[in-house]
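Residue strings, one per chain:
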Amino acid sequence: MLANAGLNVTGVDPAAASLAVARHKPGAGLVRWVHLATMTGNVAQVFVTDLDWEATLRAIGERLRAGGRLVFESRDPQRQAWLEWNRDQTYRKAVIPGPGPVEVWTDLTGVSGSLVSFRTTFVFGRDGAVLTSDSTLRFRGKDELATSLATAGFAVDEVRDAPDRPGREFVFIARRAGRGTGPLSVRRQARPGRPTGGPR
């Protein structure tokens, strides 16, 4: 609808099958379709060992054509976001049709070097059931992330802020290196304020 109204529209999806369906919809020829590998919600931090992180980047690289893009976000460890992971600062309550009211909060359970562990608690108002989920995340610095990307055959085009959390996260925009793409380069560092793995 937007494209038919004369706007320039780009459709992005990590699933090639979804893009294939979209390309057959009326007016799809007016849209630029992009197959993008993404890791949203700080999921890059779920890969806590170097082996797992390297294997993930390698698998993504094998599925991208030369010049294909990988975009992901990761928290800046210098901001120490985990200091805010307690009930007082993470508590929220939602009313969900069916289950009814659900309370949820996060508590920090441990910090060991770059590894941060936490527990998320869910309390269901309908029956009082309490469920917990324990997780550990790896906080990598910007240079460490850039080096790991270069090792996996990616060139970093840009590192910018998350627009809704400036100064708290790195958003990496990288491409799979190939003939003529050149070596790793961090071209521009966005300034603060410019346009799950774990709690927000």
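Our structure's up above, just so we're on the same page.
Note that this is a predicted model, so its numbers are computed, not measured.

Draft legend 1. Main features of the overall build of the chain. Counting its secondary structure elements, the chain contains 4 helices and 10 strands. Starting at the N terminus, the α and β elements of the chain follow one another as β-α-β-β-α-β-α-β-β-β-β-α-β-β. Principal-axis analysis of the C-alpha atoms places the extent of the chain at approximately 55 × 45 × 30 Å. Taking all 200 residues of the chain together, the buried fraction comes to 36%. Summed over its atoms, the accessible surface of the chain is roughly 11800 Å², and 53% of this surface lies on carbon and sulfur atoms.

Draft legend 2. The pattern of salt bridges, seen in detail. In this structure the tally under the stated criterion is 11 salt bridges. The salt bridge partner of Glu 144 is Arg 138, with a shortest N-O separation of 2.9 Å. The exposure class assigned to Glu 144 is partly exposed, which follows from its relative accessible area of 34%. Residue Arg 175 is joined to Asp 157 by a salt bridge in which the shortest nitrogen-to-oxygen separation is 3.0 Å. Residue Arg 175 is found in strand β10 (residues 169-176), and its partner Asp 157 is found in strand β9 (residues 154-160); the two are separated by 18 residues along the sequence. Given a relative accessible area of 8%, Arg 175 falls into the buried group.

About the thresholds
Residues numbered from 1 in each chain as written. Predicted model: local features only at pLDDT ≥ 70, side-chain atom pairs only at ≥ 80, totals over all residues. Heavy atoms only, no water. Helix = DSSP H or I, 4+ residues; strand = E, 2+ residues; numbered from the N terminus. Buried < 20%, exposed > 50% of the residue type's maximum accessible area, 1.4 Å probe, protein only. Areas by Shrake-Rupley, 256 points an atom, 1.4 Å probe, with all protein chains shown as cover. Salt bridge = Lys/Arg side-chain N within 4 Å of Asp/Glu carboxyl O.

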